[in-house]
Amino acid sequence: LIKEWINAGAIGEVREVHFWTHRHGHSYWGENMKPKKASGVPQHLNWDLWCRPVQRHDYSPSYHPWNWRGWWDFGGGILGDMGCHHMDAAYWTLDLKNPTRIEASTTPLTAEHAPAQSMVRYEFPETEERGPLTATWYDGGLKPPRPPEMEAGNSLRRTGVLFVGEDGCLQSGHIGEDPVLIPVSRMKEFEKPPRTIPRVKVSHPQHWIRCCKEGKQADSNFGYAAPLAETVLLGIVATRARKPIEWDTENMKVTNVPEANKYVAPNYREGFTLKAR
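Nothing here was measured: the structure is a model prediction, and the numbers come from that model.

## Points about the overall build of the chain
In step 1: A count of helices and strands for the chain gives 8 helices and 9 strands.
In step 2: Taking 19 Å as the expected radius of gyration for a compact globule of 277 residues, we find that the chain reaches 20 Å, a close match to that expectation.
In step 3: For the C-alpha atoms alone, the extent of the chain along its principal axes is close to 65 × 45 × 40 Å.
In step 4: The 277 residues of the chain split such that 42% are buried.
In step 5: Long-range pairs, those at least 24 residues apart, make up 60% of the contacts in the chain between residues at least 6 apart in sequence.

## So, the side chain of Arg269
In step 1: Relative to the assigned elements, Arg269 resides in the segment after α8 (261-264).
In step 2: The exposure class of Arg269 is buried, given its relative accessible area of 13%.
In step 3: At a separation of 2.7 Å, a polar atom in the side chain of Arg269 contacts the main-chain carbonyl oxygen of Asp48.
In step 4: Within the structure, Arg269 has its side chain in polar contact with the backbone oxygen of Arg52 (distance 2.5 Å).
In step 5: Beyond its immediate chain neighbours, meaning those up to four positions away, Arg269 contacts Asp48, Cys51, Arg52, Pro53, Val54, Gln55 and Arg56.

## Some thoughts on the sheet that holds strand β6 (residues 168-172)
In step 1: Judged by pairing direction, the sheet is mixed, and its 9 strands sit side by side in the order β7-β6-β5-β1-β4-β3-β2-β8-β9 without closing on themselves. Since the sheet does not close on itself, it has two edges, and those belong to β7 (180-182) and β9 (253-254), each with one partner.
In step 2: Taken together, the 3 bridges between β6 and β7 define a ladder with antiparallel strand orientation. Considered in β7, the bridge of Leu170 is made with Leu181.

## Topic: empty space enclosed by the protein
In step 1: Applying the stated criterion across every chain, the model contains 1 cavity of 30 Å³ or more.
In step 2: Looking at the largest cavity, its volume works out to about 80 Å³.
In step 3: Taken together, 13 residues make up the lining of the largest cavity; nearest its centre are Trp72, Gly76, Leu79, Pro115 and Ser118.
In step 4: Every element with two or more residues in the lining of the largest cavity is listed here: α4 (77-94), β3 (118-124) and α7 (222-241).

## What to know about the nonpolar core
In step 1: Judged by nonpolar contacts, the single largest core of 46 residues is most densely connected at Val17, Phe19, Leu96, Phe163 and Ile245.
In step 2: Breaking this core down by element, the ones donating at least two residues are α1 (2-7), β1 (14-20), α4, β3, β4 (133-138), β5 (160-165), α7 and β8 (245-248).
In step 3: The contact partners of Ile245, leaving out residues within four places of it in the chain, are Thr100, Arg101, Ile102, Leu234, Val237, Ala238, Val254, Asn256, Val257 and Ala260.
In step 4: In terms of nonpolar packing, the next biggest core, distinct from the first, is built from 9 residues, Trp47, Cys51, Val54 and Phe74 among them.

## Concerning the environment of Val14
In step 1: Tracing the sequence through the fold places Val14 in strand β1.
In step 2: Linking Val14 and Cys169, residues 155 residues apart in sequence, is a C-alpha distance of 8.6 Å.
In step 3: In this view, Val14 contacts Ile6, Leu94, Leu133, Phe163, Val164 and Gly165; residues no more than four positions away in its chain are not counted.

## Some remarks on the packing of α4 against α7
For any two helices packed against each other, the geometry comes down to the angle between their axes and how far apart the axes lie.
In step 1: Running from N to C, α4 and α7 point in directions that differ by 125°, and their axes come no closer than 9 Å. Relative to α7, the element α4 lies oblique. Of the two possible hands of crossing, α4 and α7 adopt the one that is right-handed. Residues Leu79, Gly80, Gly83, Cys84, Met87, Asp88, Tyr91 and Trp92 of α4 pack against Tyr224, Pro227, Leu228, Ala229, Thr231, Val232, Gly235 and Ile236 of α7.
In step 2: Partitioned by chemical class, the residues of the contact of α4 with α7 number 11 nonpolar, 4 polar and 1 charged.

## Observations regarding α4
In step 1: With 18 residues, α4 extends 25 Å from end C-alpha to end C-alpha; this agrees with the ideal 26 Å at 1.5 Å per step.
In step 2: Of all bends in α4, the biggest is about 55°, found at Gly83.
In step 3: In terms of residue burial, α4 counts as a mostly covered element, since 13 of its 18 residues are buried.
In step 4: Following α4 by one or two positions, Asp95 has its phi on the positive side, about 55°.

## What about the side chain of Asp81?
In step 1: Considering the arrangement of structural elements, one finds Asp81 in helix α4.
In step 2: Looking at Asp81, its side chain comes within polar contact range of the side chain of Arg23, at 2.9 Å.
In step 3: A polar atom in the side chain of Asp81 sits 3.2 Å from the side chain of Arg69.
In step 4: Sequence-distant contacts of Asp81, defined by excluding residues within four places in its chain, comprise Arg23, Tyr28 and Arg69.

Each value, and the rule that gives it
Residues numbered from 1 in each chain as written. Predicted model: local features only at pLDDT ≥ 70, side-chain atom pairs only at ≥ 80, totals over all residues. Heavy atoms only, no water. Helix = DSSP H or I, 4+ residues; strand = E, 2+ residues; numbered from the N terminus. Rg over C-alpha atoms; globule rule 2.2 N^0.38 Å. Buried < 20%, exposed > 50% of the residue type's maximum accessible area, 1.4 Å probe, protein only. Contact = heavy atoms within 4.5 Å. Polar contact = N/O pair within 3.5 Å; in protein donor to acceptor, adjacent residues only side chain to side chain. Pairing = 2+ DSSP bridges. 1 Å grid on protein atoms, 1.4 Å probe; cavity = no way out; pocket = protein on both sides within 12 Å on 5 of 7 lines; lining within 4 Å. Points joined across faces, edges and corners; volume = space filled by probe spheres on them. Core = buried A, V, L, I, M, F, W, Y, C linked by side-chain atoms within 4.5 Å. Axes fitted to C-alpha atoms, helices over the stretch in contact; angles between N-to-C directions. Parallel < 35°, antiparallel > 145°, perpendicular 65-115°, else oblique. Left-handed = near helix turned anticlockwise from the far one by under 90°. Nonpolar A, V, L, I, M, F, W, Y, C, P; charged D, E, K, R; others polar. Expected span 1.5 Å × (residues − 1). Bend = angle between axes of the 7 residues up to and from the residue.

Structure below.
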C-alpha cells in the first residue's frame, strides 16, 4: 500500500525516512551490564552447539533463550533485532540497498553488549529512480523530530516509520501497517491509487510452502532479504567501530576505517567456517 501511494506521488519525492522503536537495551541485558550466573546448563540444551562459531561462553540465562539479542557475540542489539522489520517497507519502496556512509551515536557500549539507546544515520546515493536519500534509525525511546505539518493533538506513534517527501509526510506502524498521510486531513482529499501490487494473503511459512510447490520465487527471497540484512548490519558495524564508516558494497569492505572490517568478517572458532558458494 505504501509503495503504491508513494509511487502515485502522495508526498512527492521522498528525501528522508525515519524508523524508531521504543525497545530499550536494558530489556536485553539488564541494567548491571553483566550476565547472570547459573548453576549449570539445562539438560535439554546443547550449549556448545548453541554457541556455534563464537568462543564458548559459560551458560547464562542472560544469553538463552531470549536475551542473546543484546550481546555482540550472539546478536545485534535492538537494531539487529528489529531493523529488518522496521526498514522493510521503505527498503522495498525506495530501493535502499547499498548505503555509502553510515554514522552512529549511542549511549555507552562495551565489547560485550549493545547500547541501551542508539541513533544510526544512513546515506544512500542517487539512483535512476530517485535522488539521494538519508535514513535514520532510533531506538531506546528516541524518535525523529515531530513533522511541522502534523496537526495539534496528533503525535508520532510509539514505534513506527516516517517518510518525509517534498510535498508532505507519511507515517505507518513499524511493519508498514496502517499508513496515513500527514497532516491527517489530507486523507479526505487523497485519491487512493488502484491496488496494482499482488497481495500475499497467507502467513510467511504458508507463502514459502506454496512457492516451493508451485516453483515460484517467494517475495522475501534471499536476493531481497540478504541486501536488506546487509544494510541493517552496517549500522551495527558503525556502532561498534564508534566512527562513521564508508562502505564499498561491491567488495564488502569498509574503506575508511580498516579495523572495522573485523566486524564484517569475524574469526570463527575451530570447527566452524564460512564458505562462499
